Amino acid sequence: MATESNMIPQSAPPKIRDPRLDFFRGIAMLIIFIAHVPWNYWKLFIPARYGPSDAAEMFVFCSGFAAAIAFGGTFVRKGFWLGTARILYRIYQIYIAHIMMFFLIAGTVVIATAWFGESMGDRNYVTDLGLNPFFEADTGAQLVGLFTLTYVPNYFDILPMYIGVLCMVPVVVLCQRIHIGVAIGFVFGLYALALFFGWNFPAEPWSDRQWYFNPLGWQLLFFTGFAISRGWVKVPEPTPLLVGLALLIVVFGFLIGNTPTWTSSETLSAIRETIRPWLLTKTYHGLFRWAHFLALAYLAVALLKGREHYLYSSLFAPIRKVGQQALSSFILSMALSRVAGVAIDYVGKEDRLGVAIVNLAGLATVIGFAYFAGWVKSHPWSVKSGAPAVPGVTEQATRTGATASGSSGKKAAVVE
């Protein structure tokens with residue numbers, strides 16, 4: 001039986017980096033910033049207002065696609081255990097990033113409350129974020145919950161979900177070595193069990209609340225991207241029939257996401273509430289959310305087919321840079337969105353110009369930091385003055401967080 005290891009040459013050269021990955025990851029990071037800024041009217045224009053899937057789907061799908069580039073080849077070239085070791089190290093990195101992000105944001109809202117709370121009408125930004133239980137209850141117990149991921153506040157649930165999904169990568173790779181059908185069966189089977197039996201993880205010790213982003217559900221989208229990236233699943237070429245079907249799904253998604261359309265009719269409202277638990281749930285990643293995102297992605301692929309090089313335009317360079325530094329940009333944007341919320345609270349949420357300036361300043365900061373992170377990761381201090389650049393390394397194949405060195409010492413581009 002053929003496996004991936006004997007279908008792909010062991011000495012295959014690194015592929016040129018697909019600009020669509022960086023572009024859409026960058027778009028997702030910038031949307032996530034806007035979506036998390038409190039009192040921000042710009043939220044009315046993000047994709048979540050026009051359909052069930054949103055920037056979270058873009059982030060998870062692209063993460064799966066990127067993970068296949070970064071780690072999938074290791075399983076092929078170096079074996080299952082070294083591939084698993086790389087996954088475990090990445091989990092460690094994400095875990096540390098999650099803990100660091102929590103304290104960064106917690107410190108931000110505490111300082112904002114101390115400095116601006118009284119002048120803002122006794123505003124408590126800690127309570128606004130829902131972190132008051134962490135400070136009011138037994139701090140030791142809350143720290144145990146934080147470090148064991150049994151205390152996961154709603155604002156901090158994306159990275160724990162990503163950790164949970166990464167834990168499944170070695171299992172899915174092992175299943176694929178048996179047969180691709182086994183891997184697909186495992187992914188869909190686990191998804192169905194979680195959806196129908198309510199499998200999830202506790203989010204706080206004092207209530208029955210569970211993780212808002214359940215990795216047992218969201219792994220379906222992650223491994224869709226992973227499988228497409230590894231070539232386990234082939235995306236059909238765009239045809240008028242398939243493009244038309246994708247458009248129908250997107251239009252239906254708009255109708256579902258457009259609340260006035262449904263509340264105008266008792267029948268339509270009843271239908272929406274009937275399908276919501278199974279098809280629209282965000283916690284378990286409902287099947288229609290999955291289908292809606294794939295339809296959007298398919299339309300994007302059809303639109304860009306033969307035009308991918310347009311994304312290398314300098315006009316899109318800032319977006320690509322944010323996508324290349326996705327983890328760093330994500331952590332900054334989550335903290336910066338709280339700062340932006342304080343700024344909007346100060347200028348007034350009805351001040352459209354002031355809110356626009358806050359948003360633009362925040363987006364510019366995220367982009368600027370992405371360039372800074374990319375510059376730092378290029379190790380400029382280790383390059384001798386006048387030394388020639390490494391041959392073959394262009395922006396299309398830039399490294400975005402981790403590099404793997406071959407026996408020749410040349411660095412191969414992988415994903416952050």
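The text that follows walks through the structure, step by step, so that each part is easy to find.

Cut-offs used in this document
- The numbers attached to residues start from 1 for each chain and follow its sequence in the written order.
- A pLDDT threshold of at least 70 governs which residues receive local features in this predicted model, and a stricter bar of 80 or more applies before side-chain atom pairs are shown or counted, although totals over entire chains, interfaces and linings include all residues.
- Excluding hydrogens and water, the side-chain values take into account all heavy atoms of the structure.
- Comment: elements are numbered from the N terminus, with helices defined as DSSP H or I runs of at least four residues and strands as E runs of at least two.
- Relative accessibility under 20% of the residue-type maximum defines a buried residue, over 50% an exposed one, and the middle range a partly exposed one, all with a 1.4 Å probe and only protein chains included.
- Any two residues whose heavy atoms approach within 4.5 Å at even a single point are treated as in contact.
- In these tables, accessible area is a Shrake-Rupley quantity obtained with a 1.4 Å probe, and a residue counts as shielded only by the protein chains included in the view.
- Cavities and pockets are defined on a 1 Å grid built over the protein atoms alone: a cavity is a set of grid points where a 1.4 Å probe fits but cannot escape, while a pocket is an open set with protein on both sides within 12 Å along at least five of seven lines, and lining residues are those with an atom within 4 Å of any such point.
- Grid points are joined across faces, edges and corners, and a volume is the space filled by probe spheres set on the points.
- Residue type decides the class: Asp, Glu, Lys and Arg count as charged, Ala, Val, Leu, Ile, Met, Phe, Trp, Tyr, Cys and Pro as nonpolar, and the leftover types, Gly among them, as polar.
- Every case where a carboxyl oxygen of Asp or Glu lies within 4 Å of a side-chain nitrogen of Lys or Arg is listed as a salt bridge.
- Each helix should span, by expectation, one fewer than its residue count multiplied by 1.5 Å.
- Relevant arc is that of directions from the helix axis to the C-beta atoms, nothing else.
- A fitted line through C-alpha atoms represents every axis, and for helices the fit uses only the stretch in contact; the resulting angles, taken between N-to-C directions, go from 0 to 180 degrees.
- Should an angle lie under 35 degrees it is considered roughly parallel, over 145 roughly antiparallel, and from 65 to 115 roughly perpendicular; all remaining angles are considered oblique.
- For a crossing to be left-handed, the near helix must be turned anticlockwise from the far one by less than a right angle; the clockwise case is right-handed.
- Only Phe, Tyr and Trp rings take part, Trp by its six-membered ring, and two of them pair if their centres are within 6.5 Å. Stacked means planes under 30 degrees apart, edge-to-face means over 60, and tilted covers everything else.
- A patch is a set of surface residues, each over 30% in relative accessible area and not in a salt bridge, joined within 9 Å for like charges and within 5 Å for the nonpolar side chains Val, Leu, Ile, Met, Phe, Trp and Tyr.

Overview of the overall build of the chain
Looking only at helices and strands, one finds 17 helices and two strands in the chain. Here the chain holds 416 residues, and the buried ones make up 46% of them. The contacts of the chain with a sequence gap of at least 6 include a subset with a gap of at least 24, amounting to 74%. Carbon and sulfur atoms provide 68% of the accessible area of the chain, an area that totals close to 20300 Å².

Digging into empty space enclosed by the protein
One pass over the full model with this rule turns up five cavities of 30 Å³ or more. What the largest cavity holds in volume is close to 80 Å³. Lining the largest cavity are 10 residues, with Arg 25, Phe 59, Tyr 162, Ala 326 and Leu 327 positioned closest to its centre. Counting only elements with at least two residues in the lining of the largest cavity, the list comes to helix H3 (55-77), helix H4 (80-116) and helix H16 (326-347). Considering each element in turn, the lining of the largest cavity owes the most residues, three residues, to H16. Along the lines of polarity and charge, the residues of the lining of the largest cavity split into six nonpolar, one polar and three charged.

Re the pattern of salt bridges
Taken as a whole and assessed by the stated rule, the structure comprises eight salt bridges. Measuring nitrogen to oxygen at the nearest pair gives 3.6 Å for the salt bridge that ties Asp 54 to Arg 289. Taken together, the residues span a long stretch of sequence, with Asp 54 in the loop between helix H2 (19-35) and H3 and Arg 289 in helix H14 (residues 287-304) at a distance of 235 residues. Classification of Arg 289 as buried rests on a relative accessible area of 5%. Linking Arg 209 and Glu 204 is a salt bridge whose minimum nitrogen-to-oxygen distance equals 3.2 Å. For Arg 209, a relative accessible area of 23% gives the class partly exposed. Looking at Glu 204, the relative accessible area reads 12%, which means it is buried.

Digging into helix H9 (residues 180-197)
Spanning 18 residues, H9 covers 26 Å between terminal C-alpha atoms, matching the ideal 26 Å at 1.5 Å per step. Along H9, the positions that sit buried rather than exposed are Ala 183, Val 187, Leu 190, Tyr 191, Ala 194 and Leu 195. Seen from one end, H9 has its buried residues packed into an arc of 130°, which puts them on one side. Across from the buried face of H9, at angles greater than 90 degrees, the exposed residues are Phe 196 and Phe 197. Taken from the residues just after H9, Gly 198 is the one with a positive phi, measuring 70°.

Points about the packing of H3 against helix H8 (residues 158-178)
Geometry of a packed helix pair, given as the angle between the helix axes and the separation of the axes. Between H3 and H8, the shortest axis-to-axis distance is 11 Å and the interhelical angle comes to 45°. Considering their axes alone, H3 and H8 lie oblique with respect to each other. Note on packing geometry: the crossing formed by H3 with H8 is right-handed. Where H3 abuts H8, its residues Phe 59, Val 60, Ser 63 and Phe 75 lie against Ile 158, Met 161, Tyr 162, Val 169, Pro 170, Val 173 and Arg 177. When its residues are assigned to classes, the contact of H3 with H8 shows nine nonpolar, one polar and one charged.

Concerning the environment of Ala 370
On the secondary structure map, Ala 370 appears in helix H17 (residues 352-377). For Ala 370, a relative accessible area of 0% puts it in the buried group. Between the C-alpha atoms of Ala 370 and Ser 329, which are 41 residues apart in sequence, the distance is 6.1 Å. Here Ala 370 is in contact with Lys 321, Val 322, Gln 325 and Ser 329, once residues within four sequence places are set aside.

Side note on the packing of aromatic side chains
Across all of its chains, the model carries 32 aromatic pairs by this definition. Aromatic side chains Phe 102 and Phe 103 sit 5.4 Å apart centroid to centroid with 85° between the ring planes, which places their arrangement in the edge-to-face category. Centre to centre, the rings of Phe 102 and Phe 134 are 5.0 Å apart; their planes meet at 70°, and the pair counts as edge-to-face. Residue Phe 102 is found in helix H4, and its partner Phe 134 is found in helix H6 (residues 132-136); the two are separated by 32 residues along the sequence. Each of the two residues, Phe 102 as well as Phe 134, counts as buried.

Topic: a nonpolar patch on the surface
Among the surface-exposed residues, Leu 44, Phe 45, Tyr 50, Val 251, Phe 252, Phe 254 and Leu 255 lie close enough to one another that they form a single nonpolar patch of about 660 Å² accessible area. If you trace the backbone, Leu 44 turns up in the loop between H2 and H3.

As for unusual backbone geometry
Excluding glycine, a negative phi dihedral is what most residues carry, and trans is how most peptide bonds are arranged. A positive phi angle, near 55°, is found at Trp 39, a position not held by glycine. Tracing the backbone shows Trp 39 in the loop between H2 and H3. Overall, Trp 39 belongs to the partly exposed group, its relative accessible area being 27%. At His 379, a position not held by glycine, the phi torsion is positive, near 50°. Inspection of the secondary structure puts His 379 in the loop between H17 and strand E1 (403-405). The partly exposed category is assigned to His 379, whose relative accessible area is 29%.

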